[in-house]
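This is what each chain is made of:
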Amino acid sequence: MAQNNFDNFKNDIDLLVERILFNTADAMIAYIDSSDIIPIDTHNLKDSTGVGVYRNGVLRKFTMPRRAQEARIIGGVAMWGEDMIDQLLNAGVSRYSIGDHIVLMSTMPYAEDVNEGYYNAGFFTDVLSTELELTLDEIVKQYGSKRL
Amino acid sequence: MKISAIEPLAKLKQALINKGVTQTIYTGDKPSSGLPNEYIELHQNGALRTNLSKMGLVQGFVLLSINVKLLTTGGRNTVRENIILATFDGLFEHGAVINTDGYTFSLDPDSLVYNGGGIYEGYSSKLINITFKKV
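In this text the structure is predicted, and so the values were computed from the model without any measurement.

### Let's talk about the overall build of chain A
Line of reasoning, step 1. Of regular secondary structure, chain A possesses five helices and five strands.
Line of reasoning, step 2. Shown N-terminal to C-terminal, the secondary structure of chain A runs as helices and strands in the order α-α-β-β-β-β-α-β-α-α.
Line of reasoning, step 3. Counting only residues that meet the buried cut, chain A has 43% of its 148 residues in that class.
Line of reasoning, step 4. Relative to all contacts within chain A whose residues are 6 or more apart in sequence, the contacts with residues 24 or more apart total 68%.
Line of reasoning, step 5. A total of about 8300 Å² of accessible surface is found on chain A, and carbon and sulfur atoms cover 51% of it.

Below is the structure:
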């Protein structure tokens, strides 16, 4: 009986963690979607900024805004992040294989240039990642104040 | 059981074909051009795991993507999306599982990983997690 109760408790906690992570991912994308702070040219940078939820290396949720209608051309090459799924799944095995992870990511290679550039320095590593942490804290607090 | 002998993608592909799925199914062999208007792709999602309390049991996830070409207007072809999804509803409805060659495939409770455009240019995609166990 005690083992059964503990298993139920463990399952409840597991479900709660999943809901918190999924809700945070949705809230973060809503923020990105509604905000004009992401540099917009062809929409591809904004639209390729996504949030992934990994649980023990398994991609359980991926979400991103998507409004780009034209490929961003860099050096004559159209950038769409065509191998996005492979990258997402490889990251799960190689970097997020143990435990729960919520990951803010950009699939556009020039995001790094934007992040290190003069006008938007630290945009991804500082501004957006701080917003993700604040959003996660807020949602954890919301769950802490209500019964499921 | 050798881990190298675990082939959930090939087994699921064959099981789906046997169940009447008619779309082309790729398991790592997708061409870079000339794709059909609708296709399915299977990826392994995460590492294989063994359950030590049940010796010989290997389990994991297969990420199944259903991809449908966008309309000429750029909009989603929701009619085709729903028709293909209905096929999978029939396969996994009410907790149903697919059993084949010692593999058991079932729909993960929170199965929908992604739903929208932008994964592949010119297509809308639904990503669905399917769990498998192999004894």
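Don't stop here, the text continues.
### Thoughts on the interface of chain B and chain A
By a frequent convention, interface size equals the accessible area lost on bringing the separate parts together.
Line of reasoning, step 1. Counting residues at the interface gives 21 residues for chain B, matched by 21 residues for chain A.
Line of reasoning, step 2. Along the contact surface separating chain B from chain A lie zero salt bridges.
Line of reasoning, step 3. Taken together, the connections running from chain B to chain A amount to five residue pairs in polar contact (both at pLDDT 80 or more).

### Focus on the pairing of strand S2 (residues 38-51) of chain B
Residue and element names in this part refer to chain B.
Line of reasoning, step 1. The sheet contact formed by strand S1 (residues 24-26) and S2 spans three bridges and is parallel. Its bridge partner lying in S2, Tyr26 is registered against Glu41.
Line of reasoning, step 2. Sheet topology note: the S2/strand S3 (residues 57-69) ladder contains eleven bridges and is antiparallel. Paired with Thr50 across the two strands is Val58, which belongs to S3.

### Observations concerning the confidence of the model for chain B
Line of reasoning, step 1. Considering every residue of chain B, the mean pLDDT works out to 87; 94% of them sit at 70 or more.
Line of reasoning, step 2. Mean pLDDT values over the elements of chain B span from 86, in strand S5 (residues 103-117) of chain B, up to 96, in S1 of chain B.

### Quick word on the pairing of strand S1 (residues 49-55) of chain A
Remark: a regular strand shows side chains that alternate across the two faces of the sheet.
Residues and elements named next belong to chain A.
Line of reasoning, step 1. The buried fraction of S1 amounts to seven of the seven residues, a majority that puts the element mostly inside the structure.
Line of reasoning, step 2. Judged by which residues are buried, S1 turns out to be covered on both faces: Thr49, Val51, Val53 and Arg55 on one side and Gly50, Gly52 and Tyr54 on the other are all buried.
Line of reasoning, step 3. The pairing of S1 with strand S5 (residues 100-106) spans seven bridges and is antiparallel. When the sheet's bridge partners are listed, Tyr54 is paired in S5 with His101.

### Observations concerning a nonpolar patch on the surface
Line of reasoning, step 1. Taken together, the side chains of Phe6, Phe9 and Ile13 of chain A define a hydrophobic patch exposed on the protein surface, amounting to about 300 Å² of accessible area.
Line of reasoning, step 2. Position of Phe6 of chain A relative to the elements: it lies in helix H1 (residues 2-34).

### What about the side chain of Thr135 of chain A?
All names here are of chain A.
Line of reasoning, step 1. Of note, Thr135 is situated in helix H5 (residues 123-144).
Line of reasoning, step 2. For Thr135, a relative accessible area of 12% puts it in the buried group.
Line of reasoning, step 3. Non-local contacts of Thr135, meaning those with residues more than four positions away in its chain, are made with Thr24, Ala27 and Met28.

### Re the sheet that holds S1 of chain A
Residues and elements named next belong to chain A.
Line of reasoning, step 1. Spatial strand order, S2-S1-S5: three strands in an open sheet with antiparallel pairing. The strands lining the two open edges of the sheet, one partner per strand, are strand S2 (58-63) and S5. In this sheet, neighbouring strand axes are inclined to one another by 25 degrees on average, regardless of whether the strands run parallel or antiparallel.
Line of reasoning, step 2. Relative to S2, S1 runs antiparallel, the two being bridged by five bridges. Bridge pairing in S2 places Val53 opposite Lys61.
Line of reasoning, step 3. Contacts between H1 and the sheet are confined to S1, S2 and S5, with S1 contributing the most and set at about 175 degrees to the helix.
Line of reasoning, step 4. Each of S1, S2 and S5 touches helix H3 (residues 84-94); the most contacted strand, S2, lies at about 135 degrees to it.

Conventions and cut-offs
- Residues numbered from 1 in each chain as written.
- Chains lettered and ligands numbered in written order.
- Predicted model: local features only at pLDDT ≥ 70, side-chain atom pairs only at ≥ 80, totals over all residues.
- Heavy atoms only, no water.
- Helix = DSSP H or I, 4+ residues; strand = E, 2+ residues; numbered from the N terminus.
- Buried < 20%, exposed > 50% of the residue type's maximum accessible area, 1.4 Å probe, protein only.
- Contact = heavy atoms within 4.5 Å.
- Areas by Shrake-Rupley, 256 points an atom, 1.4 Å probe, with all protein chains shown as cover.
- Salt bridge = Lys/Arg side-chain N within 4 Å of Asp/Glu carboxyl O.
- Polar contact = N/O pair within 3.5 Å; in protein donor to acceptor, adjacent residues only side chain to side chain.
- Pairing = 2+ DSSP bridges.
- pLDDT = per-residue confidence, 0-100.
- Patch = residues over 30% accessible without salt bridge, like charges linked within 9 Å, V, L, I, M, F, W, Y side chains within 5 Å.
- Axes fitted to C-alpha atoms, helices over the stretch in contact; angles between N-to-C directions.

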